[in-house]
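Here is what each chain is made of, one letter per residue.
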Amino acid sequence: MTETLTDANANPVGRPLRRKEDARLLHGQTNWTDNIQLPGTLHMAILRSPMAHARITNLDVTPALKRPHVVAAFTAKDLGDLNGSVPCVWPVTDDIQMPGFPALAVDKVRHVGDCVAVVLATDKYAAADALDAIEVDYEPLPAVIDMEAAIKQGSTAVHDAADGSHGTNVCYEFPLKPQGDGAFDAAVKAAGDDVVVVKRRFINQRVIAGYMEPRAVVASPMGMSNEMTIWSATQIPHVLRVLLALVTGLPENSLRVIAPDVGGGFGGKLQLYREEILAVQIARHLGRPVKWTETRSEDMVASHHGRDQIQDIEIASTKDGQIIGLKVDLIANMGAYLQIITPGIPLLGMFMYPAIYKMPAYEFNCVGVFTNTTPTDAIRGAGRPEATYAIERIMDELAAELDMDPMQLREKNWITHEEFPYTTVAGLTYDTGNYEAATAKAMDLFGYDALRAEQEQRRASGDPVQLGIGISTFTEMCGLAPSRTLGALKYVAGGWEHCTIRALPTGKIELITGTSPHGQGHETAWSQIAASILGVPVDDIEVVHSDTGRAPYGMDTYGSRSLAVGGQAIKKAAERLVEKAKVIAAHQLECSVDDLEFIQGAFRVKGDPAKSQPLAAVAFEAFTAHNLPDGVEPTLQAEATVDPDDFSYPHGTHLCAIEVDTETGKSKIRSYVAVDDVGIQVNPLIVEGQVHGGLACGIGQALYEGVEYDSDGNLLTASFADYLIPSAADLPSFTTDRTVTPSSTNPLGTKGVGEAGAIASPPAIINAIVDALRPMGVTDVKMPATPENVWRAIQAGQGGAQ
């Protein structure tokens, strides 16, 4: 259901208004980075390594310079000091190994797709064709692809040590033992004979972001000055500006970064990429605009991947199902290099493995590993889907060991709504939640008992198509704040957000935000928040974003932070604007500020409603400045920078019924119910869309998607012909609903929603498939649960060949 807000007096917050930005998008009035055409533009093409690990023994770009329309070509040696290096801003431990990540490879290539040389031409096809003329020879080196093999003594080192000696592939080791070393074993020992311990290994496979719009960048120097404008298909224009200044040495105030329309990100555009550094540096060197748009084939090998963890999980409970401890040992693949927050991604999940459950002991350890593969970094959920997958899968395995209904086990151990705020065994304090309410609603919509009865009937009859029921009761942390917490975790940036609101003399409102949307609907939702405070129509508010020239302050969009953090800044700025306007209105109406009330966009004198002044009139008076109170400056605007007190913690219950053909391994989702609690909903229609999108992402990982390499480091899933992303035709109709438990960590009461579906759905689906096949001896199915992988799990469960 959608609404068009026709009642000017109605509060727009909480209404499913159609998105303001959609008409422009649907009518083709978009401005993608690749659409930008500047006079004198040079198109950049990049020669990429076909080998996962090799020494460059010969490299000559001279023949490429003889090709038609080619203007320049460069190697790392040619660029010299202009060959910048991608920085990592999250050195998670003091002794972390942080090797250089040059824009162009200097002596060795370390993954298929590593950048070797660049060609600049007046035509993009001429630039691409000229790559074939470059003369390059490689001396192949052994490639290390498997994480466990990489950390064995004597394994091929992806990077040499700083002194040139044989390096280590261990990037870092990070332990978290809030109850002390050995707490898990101590808890098991203390339970004596009344203990059940279940240990499993789960593989959270490597995935790609899979956005529709490929990455692109245009860098344009401005005349003879050092000023430069960069258009980039990025999620982080403000962060990108800072990083480019640090890498290139150009003054930050001379760089303007614009993220025009961006066709999806999903974490894959939360990055400073090599191509952006090259475009800026070469444009600076040649004094001409430089443009680069990646091909899909480039994207598969050069844009960062995500997930890729080996998870050894051990859980212990009493024989009646009371959890007494959890132990997590991770090996996390960094890939060949560290991108900006690569090391921290697995650690974003370390606080979430205990999830919604109470337990006295928890131990976590993560080893980050270099391999000759594409670097990893944030993909939708970033560490939290991996944590949720592990805990929700091990809960089902524990339930099976105890011969207990998996939902009963969860109910026995979860935090009840009366216990909030609750400090978990991992040290986080969850502010609010009601897992009982979300689960009860989901169970009712799902028809849990009837499906269990049908499952028993199918098992008894020996039906070759078995029915499985999967559960995922999850929570996540959103917002990535406050800044001092991020600092304590050695994260270089902060978690604040900024907003400026201007009441223009024409009666319109300009809202300048530091968030940077790429499909989330910020222009609509931000207008709804401001309109609810300012009492103006939603359509009278223009949201300015994603341009450091017009919106100079911000920390951008990722980690479900935009509403939880940016929404607070909007609220505070709007309230400050009303307070300033109130002083001017009181002067105009010749009354005390205390005698005024602000109702439906107008200041009114209490007890004398005939005496009033609308906000638009106050804005005009502030513009003319003919009759302002002493000490009040002209123009009507206010700004706010907010650093939240804590994360927000959305949660939900997802239930999945899957039919599995035991003869072919084919799985079909029969029913999927998702009940999420995301706090106060600014726009339920946008929330619904975010849930649906997240579910598509999570179902993709569970059933279809997975990056595969051969033993030499060649990418086997190098196109969408091999890397399968589900279409609408592959997805079921979802049944979705919400419960509302307002967050107490922010005045709007909101929580994040953009990653919820991607976090909750993989374990719900795999739990359902395993549940269907458990009588056949199956205790795990490798993701993605393709028919082949399911069939192999069945054969292994029955003692046959895999």
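See the structure shown above.
Below is a summary of the structure that appears in this document.

Rules of the game
- Residues numbered from 1 in each chain as written.
- Predicted model: local features only at pLDDT ≥ 70, side-chain atom pairs only at ≥ 80, totals over all residues.
- Heavy atoms only, no water.
- Core = buried A, V, L, I, M, F, W, Y, C linked by side-chain atoms within 4.5 Å.
- Buried < 20%, exposed > 50% of the residue type's maximum accessible area, 1.4 Å probe, protein only.
- Helix = DSSP H or I, 4+ residues; strand = E, 2+ residues; numbered from the N terminus.
- Contact = heavy atoms within 4.5 Å.
- Salt bridge = Lys/Arg side-chain N within 4 Å of Asp/Glu carboxyl O.
- Pairing = 2+ DSSP bridges.
- Axes fitted to C-alpha atoms, helices over the stretch in contact; angles between N-to-C directions.
- 1 Å grid on protein atoms, 1.4 Å probe; cavity = no way out; pocket = protein on both sides within 12 Å on 5 of 7 lines; lining within 4 Å.
- Points joined across faces, edges and corners; volume = space filled by probe spheres on them.
- Nonpolar A, V, L, I, M, F, W, Y, C, P; charged D, E, K, R; others polar.

## Topic: the nonpolar core
If you look at the biggest cluster of nonpolar residues, it comprises 149 residues, and the most contacted ones within it are Met44, Tyr353, Phe364, Ile765 and Ile769. Considering every element that reaches this core, the biggest residue donor is helix 10 (residues 384-402), with nine residues. Contact partners of Ile769, with chain neighbours within four places excluded, come to Ile658, Val660, Ser667, Leu703, Val781, Ala785 and Val790. Among the nonpolar cores identified, the runner-up in size contains 46 residues, and Ala531, Val578, Ala586 and Ala619 belong to it.

## A closer look at the pattern of salt bridges
This structure, assessed with the given rule, holds 46 salt bridges. Here Lys269 ties to Glu213 by a salt bridge, and the two come within 3.1 Å at their closest N and O atoms. A residue pair is termed long-range when its members are at least 10 positions apart, and Lys269 in the loop between strand 11 (255-258) and helix 8 (274-286) and Glu213 in the loop between strand 8 (196-207) and strand 9 (216-221) qualify at 56 residues. Summarising the burial analysis for this pair, Lys269 and Glu213 share the class buried. Two residues, Arg670 and Glu659, come together in a salt bridge whose shortest N-O distance is 3.4 Å. Of this pair, Arg670 sits in strand 27 (residues 667-677) while Glu659 sits in strand 26 (residues 651-661), placing them 11 residues apart in sequence. When its relative accessible area of 37% is taken as the criterion, Arg670 is described as partly exposed.

## Describing the sheet that holds strand 23 (residues 602-605)
Here three strands make up an open sheet; going across it, the order is 22-23-24 and the pairing antiparallel. Each of the sheet's edge strands pairs with one partner strand only, and the pair in question is strand 22 (596-599) and strand 24 (608-614). Neighbour-to-neighbour, the strand axes of the sheet open up by a mean angle of 35°, direction not taken into account. Relative to strand 23, strand 22 runs antiparallel, the two being bridged by four bridges. Residue pairing for strand 23: Leu596 is matched across the bridge by Val605.

## Overview of empty space enclosed by the protein
Evaluation of the coordinates by the stated rule reveals four cavities of 30 Å³ or more. Lining the largest cavity are Trp90, Phe174, Leu347, Leu348, Met350, Phe351, Met477, Leu480, Leu486, Leu489 and Phe647. Its residues placed into classes, the lining of the largest cavity shows 11 nonpolar, no polar and no charged. Taken as a whole, the second largest cavity holds about 60 Å³ of empty space. Every residue lining the second largest cavity is listed: Gly306, Arg307, Gln309, Ala332, Asn333, Thr342, Ile345, Pro346, Thr376, Asp377 and Glu386. Listed by contribution, the elements that provide at least two residues to the lining of the second largest cavity are strand 13 (306-317) and strand 14 (323-335).

## Structural notes on unusual backbone geometry
A cis amide bond, omega 5°, links Ala481 with the succeeding residue Pro482. Tracing the backbone shows Pro482 in the loop between strand 18 (465-475) and helix 14 (483-488). Note that the residue after Met783, namely Pro784, is joined by a cis bond; omega there is -5°. Inspection of the secondary structure puts Pro784 in the loop between helix 19 (756-773) and helix 20 (787-797). In this model, Asp556 sits at a positive phi of 75°, which is unusual for a non-glycine residue. Position of Asp556 among the secondary structure elements: in the loop between strand 21 (541-544) and helix 16 (562-589).

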